[in-house]
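This is what each chain is made of:
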Amino acid sequence: MAKELDQIVDVAIVGAGIVGLGHALAAVDRGLSVLVIDRTSRQNGSTIRNFGHACITVQAGAAQVHADRSRELWLRLRDEAGLWMRDTGGYVVARAEDELAALREFAARRPGSARILDASSTAAATGADPAVIVGGAHLLDDLQVNPREAAAQITAYLESRGVQFQFSTAVRTIRSGRLHTTRGRVGADQIIVAVNYDVDQLFPELGAAYEVERCGLDMMRVRIPELRAPLSGPVLTGWSMLRYSGFATSPSLAAVRSRLFASAPALAARDVNQMYTQFADGTVVVGDTHYRDDTVTPFQEEAAFDALLDETAGFFGVARAGIEVVERWQGVYASAPAEFLVDEPLDGVRVVSVTTGIGMTTGLGLADRVMSEIYEPVGA
Ligand SMILES: Cc1cc2nc3c(=O)[nH]c(=O)nc-3n(C[C@H](O)[C@H](O)[C@H](O)COP(=O)(O)OP(=O)(O)OC[C@H]3O[C@@H](n4cnc5c(N)ncnc54)[C@H](O)[C@@H]3O)c2cc1C
């Protein structure tokens, strides 16, 4: 039987996903005693269900600040926690002149962050069918991790540095300085609540104030025997340009949007972000669709997977029948009008959530910022 908790720590963190782990890293770096509590027996949330794409290069505003800091922390964790990583950047494949124009505009705004590629270099780096490509961009700062392994490896690393983890333990209520769990009570000077979309379970008024919803995503892992070339990094498409804030001010983006919405209304209706990452074993992660609600339907439509497979066959120029689906799964992340939720509903209790599906990109940096605001406040 697991031991009852009844302890006092400097920092208690609810949630052992990437956001909670980022806070634990920042806390242990400051010499603080840290306890991370998670209701599941190991990480099972968004942090293990994603593409593993730290999409550093094409963020803007606060997301860019957090992404740049996250990049430093991911590289550090690669070295200290032994994470598998591709650090050679990501790619955007342009299949229309307006997409290439938007990429050129982005590269002009961010010299040194992105390099424009011709069609054949883009095809060689991404495995995409040369027949559909007009050009592309190499996003120089992007990273790729293996989301299936990273959280467990970071957990083991943090444990080796003295961070305590209590899994299979749900936090029921939180007050300033203490929290009640299904295994007892914990006292803590600072409490970090990093529960992703479940903000509304512990702080319903906060969930309502920030309009937090759940966003469900259909995902697949496939084997593509006819793939022309391995993916040199995460691969984005024109659909991704509509999503990432770094492209928002590109004058050509409006043309990209109207063409994609007119030519592929069914994909637009599913709010598709057509993108790919390749694991070390050669399998390719394929995604994704988006559907938002307070409660996400568990019933994934086969038509959504069909649409993703059709697009994948066209993108890589392979026979659809030759694509072998290895796995399908549903991911869920917190979604809200703002990109981040950081609030202090009670003294010494911070609720921190990435509310736009970029937590692998920004979560570590955001956590570092939250901890420095607590422990090294400006003007103190
Ligand atoms: C399919 C998919 C693809 C994505 N692709 C990308 C990508 O390529 N790049 C990118 O940057 N981002 C991506 N994201 C987003 C990213 O995965 C998330 O933003 C990020 O993982 C959120 O981390 P988290 O720690 O907040 O949440 P989680 O990993 O979900 O962790 C929250 C934890 O809180 C625990 N918890 C909740 N309530 C309680 C409680 N009461 N008591 C104890 N524990 C509790 C849960 O068990 C869970 O382990 C994707 C997300 C999905 C779903």
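Every value quoted in this text rests on a predicted model; they were computed, and no experiment measured them.

A.B. asks: So what exactly am I meant to see when it comes to the site of the ligand here?
C.D. replies: The environment of the ligand is formed by 33 residues, the closest being Asp38, Thr47, His53, Val171 and Thr361. At 3.1 Å, a backbone N or O of Val19 approaches an oxygen atom of the ligand. Here an oxygen atom of the ligand sits 3.0 Å away from a polar atom, N or O, in the side chain of Asn196. Starting from 1,000 Å² of accessible surface for the ligand in isolation, the protein chains cover 96%. The residue inventory of the shell around the ligand, partitioned by class, reads 16 nonpolar, 14 polar and three charged. Of the domains in this structure, domain 1 (5-69 + 147-210 + 337-375) and domain 2 (88-141 + 212-335) are the two that each give at least three residues to the shell around the ligand.

A.B. asks: In this structure, what is going on with the packing of aromatic side chains? I would like to understand it.
C.D. replies: Between two aromatic rings, the relevant description is the distance of the centres plus the angle of the planes. Tallied over the entire structure, the rule returns six aromatic pairs. Relative to Phe247, the ring of Phe106 lies with its centre 5.2 Å away and its plane at 50°, an arrangement referred to as tilted. With Phe106 in helix α4 (residues 97-109) and Phe247 in the loop between α9 (238-241) and α10 (253-263), this pair connects stretches of sequence that are 141 residues apart. The exposure class assigned to Phe106 is buried, which follows from its relative accessible area of 1%. Its relative accessible area of 1% is what places Phe247 among the buried residues. By the ring-pair criterion, three or more aromatic residues cluster together here, those being Tyr276, Phe315 and Phe316.

A.B. asks: So what exactly am I meant to see when it comes to the domain arrangement of the protein here?
C.D. replies: Interfaces are often sized by the amount of accessible area the parts lose when they come together. The domains assigned to the protein are domain 1 (5-69 + 147-210 + 337-375) and domain 2 (88-141 + 212-335). Just the C-alpha atoms count here: the centres of domain 1 and domain 2 sit 28 Å apart. On the domain 2 side, the residues contacting the 29 residues of domain 1 number 32 residues. Of the roughly 2,500 Å² buried between domain 1 and domain 2, counting both surfaces, carbon and sulfur atoms make up 59%. Looking only at domain 1, the three residues that lose the most surface to domain 2 are Phe51, Thr57 and Val58, adding up to 31% of its buried area. For the pair domain 1 and domain 2, the number of links is three salt bridges. A salt bridge links Arg214 to Asp198; its shortest N-O distance comes to 2.8 Å. The interface formed by domain 1 and domain 2 contains 17 residue pairs in polar contact (both at pLDDT 80 or more). Elements with a minimum of two residues in the side of domain 1 that touches domain 2: α2 (46-49), α6 (147-160), α7 (199-202), β18 (324-346) and β19 (349-356). In terms of residue count, β19 provides more of the side of domain 1 that touches domain 2 than any other element does, four residues in total. Considering only residue class, the side of domain 1 that touches domain 2 consists of 11 nonpolar, 13 polar and five charged.

What counts, and where the lines are drawn
- All chains use their own residue numbering, which begins from 1 and follows the written sequence.
- Selection of residues for local features in this predicted model requires a pLDDT of at least 70, selection of side-chain atom pairs for listing and counting requires 80 or more, and totals for whole chains, interfaces and linings are taken over all residues.
- Each side-chain value is worked out from all heavy atoms of the structure, with water and hydrogens disregarded.
- The near set for a molecule or strand comprises every residue that places at least one heavy atom within 4 Å of it.
- We call two N or O atoms a polar contact when they sit within 3.5 Å, provided that within protein one can donate a hydrogen and the other can accept it, with sequence-adjacent residues counted only if both atoms are side-chain atoms.
- Computed with the Shrake-Rupley method and a 1.4 Å probe, the accessible areas treat only the protein chains shown as cover for residues.
- Nonpolar residues are Ala, Val, Leu, Ile, Met, Phe, Trp, Tyr, Cys and Pro. Charged residues are Asp, Glu, Lys and Arg, and all others, Gly as well, are polar.
- As annotated, the domain borders come from an automatic or database domain assignment.
- Pairing of aromatic side chains requires ring centres within 6.5 Å, counting the rings of Phe and Tyr and the six-membered ring of Trp. Pairs whose planes differ by under 30 degrees are stacked, by over 60 edge-to-face, and all others tilted.
- Each helix corresponds to a stretch of at least 4 residues labelled H or I by DSSP, and each strand to a stretch of at least 2 residues labelled E; elements are numbered beginning at the N terminus.
- Working definition: with a 1.4 Å probe on protein chains only, accessible area under 20% of the residue-type maximum means buried, over 50% means exposed, and in between means partly exposed.
- Contacts are assigned to residue pairs that have any heavy atoms within 4.5 Å of one another.
- As a working definition, buried area equals the accessible area (1.4 Å probe) given up by two parts on being put together, with both sides summed.
- Salt bridges, as used here, are contacts in which a Lys or Arg side-chain nitrogen is within 4 Å of a carboxyl oxygen on Asp or Glu.

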